[in-house]
Amino acid sequence: MSVTLTEAAARHVTRYISKRGRGVGVRLGVKTTGCSGLAYKLEYADEVSPEDVIFEGHGVKVLVDPKSLPYLDGTELDFVREGLNEGFKFRNPREKDRCGCGESFRI
């Protein structure tokens, strides 16, 4: 099982953690919500929990809880700029469908 991040995502996370002055990486998970059933959760992590599964890429740790891992296996986290908008983008090969508003997905 694996979760990866691009160089652009790693640079963004590293810059943000540096500005915050603390943090060990990002915590990635899923929650039940929306029209399609699941939504991604992403937050900066200040500590590693004992149950976390840890992936590392480009010097950045991605922490995933074991319950979310089956839904996230193979996911690549990217950071993209499109015009005036910027944000994280999830490339999940397990994703079968997204709701019309793009907030939730189905496996």
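Scroll up a little and you will see the structure.
We now turn to the structure provided with this report. What you see is a predicted model, and the numbers here were worked out from it, not measured in a lab.

Bringing the overall build of the chain into the picture now. Across its full length, the chain carries two helices and nine strands. Each helix (α) and strand (β) of the chain, taken in turn from the N terminus, gives the series β-α-β-β-β-β-α-β-β-β-β. The C-alpha atoms of the chain give a radius of gyration of 14 Å, which matches the 13 Å a tight globule of 107 residues would have. Projected onto its principal axes, the C-alpha positions of the chain cover 40 × 35 × 20 Å. Buried positions account for 38% of the 107 residues belonging to the chain. Taking contacts inside the chain between residues at least 6 apart in sequence as the whole, the part at least 24 apart equals 51%. Put simply, the chain shows about 6400 Å² of open surface, and 47% of that area lies on carbon and sulfur atoms. On the chain, the mean spot of the 17 positive side-chain charges and the mean spot of the 16 negative ones are 2 Å from each other.

The next thing to look at is the nonpolar core. If you look at the biggest cluster of nonpolar residues, it comprises 21 residues, and the most contacted ones within it are Val3, Leu5, Leu28, Val62, Val64 and Leu72. The set of elements that each furnish at least two residues to this core consists of helix H1 (7-20), strand S2 (25-33), strand S3 (37-45), strand S5 (60-64), helix H2 (69-72) and strand S6 (76-82). The element best represented in this core is H1, accounting for four residues.

It is worth spelling out the pairing of strand S4 (residues 53-57) at this point. Note that S4 and S5 share five bridges and pair antiparallel. The partner of isoleucine 54 across the bridge, within S5, is leucine 63. Linking two consecutive strands that pair antiparallel, namely S4 and S5, is a turn of two residues; a positive phi of about 55 degrees is found at histidine 58 within it.

Basis of the calculations
- Residues numbered from 1 in each chain as written.
- Predicted model: local features only at pLDDT ≥ 70, side-chain atom pairs only at ≥ 80, totals over all residues.
- Heavy atoms only, no water.
- Helix = DSSP H or I, 4+ residues; strand = E, 2+ residues; numbered from the N terminus.
- Rg over C-alpha atoms; globule rule 2.2 N^0.38 Å.
- Buried < 20%, exposed > 50% of the residue type's maximum accessible area, 1.4 Å probe, protein only.
- Contact = heavy atoms within 4.5 Å.
- Areas by Shrake-Rupley, 256 points an atom, 1.4 Å probe, with all protein chains shown as cover.
- Lys, Arg positive; Asp, Glu negative; His and termini not counted.
- Charge placed at Lys NZ, Arg CZ, Asp CG, Glu CD.
- Core = buried A, V, L, I, M, F, W, Y, C linked by side-chain atoms within 4.5 Å.
- Pairing = 2+ DSSP bridges.

Nothing here speaks to function; it is geometry throughout.
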